[in-house]
Amino acid sequence: MLDRDRMPRHVAIIMDGNGRWAKAHNVPRVLGHNAGMKAMKKIVDHSDKLGIEYLTVYAFSTENWKRSVEEVSGIFKLLVKYVQSDLKELIENNVRVNILGDYSAIPDDARASLEKTLRETHDNDGLKFNIAINYGSRDEMRRGISEICQMVKDGEIDPEDVTEEMIGAHLFTGHENIPDPEVIIRTSGEERLSNFLLWQSAYSEFVFVDDLWPDFTPARYEEALAIYQSRDRRFGGR
Ligand code: IPE
Ligand code: IPE
Ligand code: MG
């Protein structure tokens, strides 16, 4: 049973299994991604209801460009559809949307809709909903290290002044002061991070569930969070 008084502040989710869901239903992969968007919508609403402060979802990785042009453009079209059809609801629910990743690289129409969503939800102070798009943890660290190297080069700091906090602040999550996720959930039975939040997950609990992402319901979400609550987090102490 989920204990509502011990909710994590930040939940991160690797939404995996849309392709296998499509295969199992004998439909094109893009319909799997469409079903995945519907599942995501419910999880966003439910996170808000549970009083979670930060929800981060992995929507598109820096490696996902390896997929076919049809699949990639299909994913971005769906993203536009989601943010356009849901903008009103996100605003009503006081959700603040933030993007992790270099979204300058995504198609123009998708970028424009995302920017509109960022602007129009900017002042909301409810659930902080972070969408990782064209996100890769190694790319994120490379950018941060490069910025810090520039500060050294400009004489603003010495190399020995580099702190863990400084590195964290130069990551995409640092730009918005997002705390490390207490729990990372991955669906579809795969048990790996696939370049997601490598720095931020140093002490995260991992919950792997077999459901394919489109089948992941709010009830299954609560079960995954209850598994997180059953863990004994020690942070290296005794
Ligand atoms: C996750 O589902 C969505 C993205 C990576 C964009 P997949 O498309 O990876 O689904 P599987 O792993 O092929 O089943
Ligand atoms: C991770 O899933 C990326 C997203 C869910 C967006 P992938 O399906 O791309 O990961 P791998 O290839 O199985 O590691
Ligand atoms: Mg996958």
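Because the structure is predicted, anything quoted here is derived from the model rather than measured. (Residues numbered from 1 in each chain as written. Chains lettered and ligands numbered in written order. Predicted model: local features only at pLDDT ≥ 70, side-chain atom pairs only at ≥ 80, totals over all residues. Heavy atoms only, no water.)

K.L.:
Looking at this model, I keep getting lost on the side chain of Ser137. Mind explaining?
P.N.:
The residue Ser137 is located in helix H5 (residues 137-153) in this model. A polar contact is formed between the side chain of Ser137 and the backbone nitrogen of Leu198, at a distance of 2.8 Å. If we ignore the near neighbours within four places in the chain, the residues touching Ser137 are Asn195, Phe196, Leu197, Leu198, Trp199 and Gln200. (Helix = DSSP H or I, 4+ residues; strand = E, 2+ residues; numbered from the N terminus. Polar contact = N/O pair within 3.5 Å; in protein donor to acceptor, adjacent residues only side chain to side chain. Contact = heavy atoms within 4.5 Å.)

K.L.:
Hey, could you run me through the site of ligand 1 in this one?
P.N.:
Asp16, Gly19, Arg20, Arg29 and Arg67 are the nearest of the 13 residues found near ligand 1. The side chain of Asp16 places a nitrogen or oxygen atom 2.9 Å from an oxygen atom of ligand 1. Between ligand 1 and the protein, one listed contact pairs an oxygen atom with a backbone N or O atom of Gly19 at 2.9 Å. Look at ligand 1: alone it shows 370 Å² of surface, and the protein chains cover 85% of it. A majority-of-atoms criterion places ligand 1 in the largest pocket. Among the secondary structure elements, those contributing two or more residues to the shell around ligand 1 are helix H1 (18-24), helix H2 (29-49) and helix H3 (69-92). (Near = heavy atom within 4 Å. Areas by Shrake-Rupley, 256 points an atom, 1.4 Å probe, with all protein chains shown as cover. 1 Å grid on protein atoms, 1.4 Å probe; cavity = no way out; pocket = protein on both sides within 12 Å on 5 of 7 lines; lining within 4 Å. Sits in = over half its atoms within 2 Å of the grid points.)

K.L.:
I'm lost on the packing of aromatic side chains in this one. Help?
P.N.:
For the coordinates displayed, the defined rule picks out 11 aromatic pairs. Ring centres 4.8 Å apart and planes at 45° place the aromatic pair Phe60 and Phe76 in the tilted group. One end of the pair, Phe60, is in strand S2 (residues 54-61); the other, Phe76, is in helix H3, with 16 residues separating them in the sequence. Phe60 sits in the buried class, given a relative accessible area of 1%. When the ring of Trp65 is compared with that of Phe76, the centres are 5.6 Å apart and the planes differ by 40°; the resulting orientation is tilted. One end of the pair, Trp65, is in the loop between S2 and H3; the other, Phe76, is in helix H3, with 11 residues separating them in the sequence. An aromatic cluster is present here, built from Tyr58, Tyr135, Phe172 and Phe196 joined pairwise through their rings. Seen from the ring of Tyr54, Lys128 lies directly overhead, with NZ or CZ sitting 5.4 Å from the centre. (Phe/Tyr/Trp six-rings, centres within 6.5 Å; stacked < 30°, edge-to-face > 60°. Buried < 20%, exposed > 50% of the residue type's maximum accessible area, 1.4 Å probe, protein only. Lys NZ or Arg CZ within 6 Å of the ring centre and 35° of its normal.)

From the geometry alone we can't say anything about function, so treat these as descriptive.
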